[in-house]
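So the chains spell out like this:
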Amino acid sequence: MKYPSLVSDVLNSNELFDVLAWASARINLLGEHIDYNHGFVLPASIQFKTISGIKFNNKNEFRFSSDHHPIVSIEQIQKQSGDKAWVNYLLGVMDKFSQHGIAIPFFDCTILSNIPIGAGLSSSAALSCSFALALQNFLGLNFSLEELAKIAQWSEHEYAGVKCGLMDQTASLRGKASHVLVMDCLSNEVEYVPIQFLKEKLVLLDSGVKHMLDNSAYNKRRQSCEEGLSIIKSQFTNVHSFREVSLEMIQVIQNEEIKRRCQYVIQEIERTQLAVSVIKSKNIKALGSLMNATHHGLSKLYEVSCKEIDFIVEELQKSSSVLGARMMGAGFGGCVLALVNTSEFDRILPNLVENYNKTFAINLKHYEVTIDDASGCILQPIV
Ligand code: GLA
């Protein structure tokens, strides 16, 4: 079997674990902020991975370390703060396993990752998902990947305080090479749709910006949508989710801000469904246009973009070598996802990097996307 390069590095280093498991970063082609609004999302797992390595210890404490953090020792599974807060993503998973009546022996856990941090590529989902997969194999359990994704999501809700949807965890664990996951966020069913480009490629442009307000702003967007939907439901009794809501119906909402949020959701659900047929018919140009329209909605109606991201998107959209560009992920910074013409893009990139640097004094990084298998696990003999 061919392992991801980070996994091969660990195996070659001769460091011994009882279990090694990995999960991926993700992109999302379309369907932003739609998972918790029960529409459809189109994520894919990519080449960047996080690995969790676990081995038994006899120290009466759980010990966690990562390539970014020194060892944290924990005697009891409970929420941490300050320097130890990063282990909350893992403790939440352990708490959920315990709630299922599963006894967890003490262990050492090491985390390694090559996912760019703060880039909106869901490094937190990859962290909790790789750990959930490692812990399940360490304990000999057999939750499905869908169940593990839900456990990781619970951890994010209860231990990290982000009321996220299930998209990141699903892509992080269940993505497949060269495929987009079409996820129905009402049933959580997943369809794998092949995606391959001939003359184009997907590129991530990392704004290098992470605004601190994002958790509370994220939860607030979710709350506004819930409020909007409940107003609509009170007037239209046949409405169960945003899927049955039309633009006419949102006129019953008085609050203009909530109305804008709902407008974005309805339009994005429609765009996502269109995108599925466009991908199936390999109409790459149309996919690019949908991405552009999504950015407009995210920036003007959902208001989760920021000046740096808008700058990158606008610069990209000016060029004929870019088919589509939009902010990706929760927003307020992170990455722009661009669908570009392979041969021409490299020509325009230096200019963009220079203009961005002149305007914001930030070095614009970029990553070419490879859609890659999401997750895996290796059991090693105990030595
Ligand atoms: C974050 C959340 C996801 C999703 C995206 C926005 O990544 O974790 O559940 O809502 O934002 O699409």
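Residues numbered from 1 in each chain as written. Predicted model: local features only at pLDDT ≥ 70, side-chain atom pairs only at ≥ 80, totals over all residues. Heavy atoms only, no water.

Once the domains are mapped, the protein chain shows domain 1 (5-194 + 372-379) and domain 2 (200-368). Computed from C-alpha atoms alone, the centre-to-centre distance between domain 1 and domain 2 is 25 Å. Counting from both sides, the interface comprises 39 residues of domain 1 and, opposite them, 41 residues of domain 2. Together, the buried faces of domain 1 and domain 2 total about 3,100 Å²; carbon and sulfur atoms form 64% of this surface. For domain 1, the biggest contributors to the area lost against domain 2 are Leu30, Glu32 and His33; these three give 21% of the whole. Our enumeration of links across domain 1 and domain 2 arrives at three salt bridges. A salt bridge links Arg243 to Asp184; the nearest nitrogen and oxygen atoms lie 2.5 Å apart. (Domains from an automatic or database assignment. Contact = heavy atoms within 4.5 Å. Buried area = accessible area lost by both parts, 1.4 Å probe. Salt bridge = Lys/Arg side-chain N within 4 Å of Asp/Glu carboxyl O.)

Okay, the sheet that holds strand β10 (residues 322-327) next. An order of β10-β11-β9-β12 is seen for the four strands of this open sheet, with the pairing classed as antiparallel. This sheet does not close on itself; its edge strands, each paired only once, are β10 and β12 (365-368). Taking each pair of neighbouring strands and ignoring which way they run, the sheet shows an average axis angle of 20°. Pairing of strand β9 (residues 200-210) with β12 involves four bridges; the strand directions are antiparallel. Within the sheet, the bridge partner assigned to Asp206 lies in β12 and is Lys365. Most of the contacts of helix α8 (residues 284-300) go to β10, to which it runs at about 30°, and overall it touches β9, β10 and β11 (333-341). Along the sheet, helix α10 (residues 342-360) contacts β9, β10, β11 and β12; its crossing angle with β9, the most-contacted strand, is approximately 15°. (Pairing = 2+ DSSP bridges. Helix = DSSP H or I, 4+ residues; strand = E, 2+ residues; numbered from the N terminus. Axes fitted to C-alpha atoms, helices over the stretch in contact; angles between N-to-C directions.)

What describes a pair of aromatic rings is the distance from one ring centre to the other and the angle between the planes of the rings. Evaluated as defined, the whole model comprises 16 aromatic pairs. Measuring from centroid to centroid gives 4.8 Å for Phe62 and Phe106, while their planes differ by 50°, and the two rings are tilted. Of this pair, Phe62 sits in strand β4 (residues 62-66) while Phe106 sits in the loop between α2 (88-99) and β6 (107-113), placing them 44 residues apart in sequence. Take Phe62: its relative accessible area is 4%, and that puts it in the buried class. Here the aromatic rings of Phe62 and Phe107 are separated by 5.0 Å at their centres, their planes lie at 55°, and the arrangement is tilted. Of this pair, Phe62 sits in strand β4 while Phe107 sits in strand β6; the two residues are 45 residues apart in sequence, bridging distant segments of the chain. In this pair, the class of Phe62 matches that of Phe107, namely buried. (Phe/Tyr/Trp six-rings, centres within 6.5 Å; stacked < 30°, edge-to-face > 60°. Buried < 20%, exposed > 50% of the residue type's maximum accessible area, 1.4 Å probe, protein only.)

The strand order across the open sheet formed by six strands is β5-β4-β6-β3-β1-β13, and the pairing between neighbours is mixed. On the outer flanks of this sheet lie β5 (72-74) and β13 (376-379), each paired with one strand and no other. Going from strand to strand, the sheet's axes swing by 20° on average, the running direction of each strand aside. Where β4 lies against β6, four bridges are found, and the strand directions are parallel. Bridged to Phe64 within β6 is Cys109. Contacts from helix α5 (residues 167-174) reach β1 (19-28) and β3 (43-56), with the element oriented near 125° to β1.

What follows covers the site of the ligand. In the vicinity of the ligand, the residues found are Arg26, Glu32, His33, Asp35, Tyr36, Cys164, Gly165, Met167, Asp168, Tyr218, Gly329 and Ala330. The contact in question runs from an oxygen atom of the ligand to an N or O atom on the side chain of Arg26, over 3.1 Å. A distance of 2.7 Å is found between an oxygen atom of the ligand and a side-chain nitrogen or oxygen belonging to Asp168. When the free accessible area of the ligand is taken as 310 Å², the share hidden by the protein chains comes to 94%. The residue makeup of the shell around the ligand, split by class, is five nonpolar, three polar and four charged. Counting only domains with at least three residues in the shell around the ligand, you end up with domain 1 (5-194 + 372-379) and domain 2 (200-368). (Near = heavy atom within 4 Å. Polar contact = N/O pair within 3.5 Å; in protein donor to acceptor, adjacent residues only side chain to side chain. Areas by Shrake-Rupley, 256 points an atom, 1.4 Å probe, with all protein chains shown as cover. Nonpolar A, V, L, I, M, F, W, Y, C, P; charged D, E, K, R; others polar.)

Time to look at the layout of surface pockets. One number sums up the size of the second largest pocket: a volume of about 220 Å³. Lining the second largest pocket are Ser178, Ile195, Gln196, Phe197, Glu200, Lys201, Leu202, Glu368, Val369, Thr370 and Ile371. A per-element tally of the lining of the second largest pocket places β9 first, with three residues. Across the lining of the second largest pocket, the residue classes tally to five nonpolar, three polar and three charged. (1 Å grid on protein atoms, 1.4 Å probe; cavity = no way out; pocket = protein on both sides within 12 Å on 5 of 7 lines; lining within 4 Å. Points joined across faces, edges and corners; volume = space filled by probe spheres on them.)

Here, disulfide denotes a covalent bond that connects the sulfur atoms of two cysteines. Inspection of the entire model under this criterion finds zero disulfides. Distance from the sulfur of Cys185, which forms no disulfide, to the nearest cysteine sulfur (Cys164) is 12 Å. (Disulfide = S-S within 2.5 Å.)

Looking now at unusual backbone geometry. One non-glycine residue with positive phi stands out, namely Asn14, at about 65°. Secondary-structure assignment places Asn14 in the loop between α1 (5-12) and β1. Here the phi dihedral of Asn188 falls at roughly 65°; this positive angle occurs in a residue that is not glycine. The class of Asn188 is buried, set by a relative accessible area of 17%.

Bringing the nonpolar core into the picture now. Of all hydrophobic cores here, the largest spans 89 residues; its most connected members are Phe64, Phe107, Phe131, Leu135, Leu205 and Leu316. Per element, the largest residue contribution to this core is eight residues, and it comes from helix α3 (residues 123-138). Each of domain 1 (5-194 + 372-379) and domain 2 (200-368) gives at least three residues to this core. The contacts of Phe64, once residues within four sequence positions are left out, are Pro70, Ile71, Val72, Ile74, Trp86, Val87, Leu90, Leu91, Met94, Phe107, Cys109 and Phe131. (Core = buried A, V, L, I, M, F, W, Y, C linked by side-chain atoms within 4.5 Å.)

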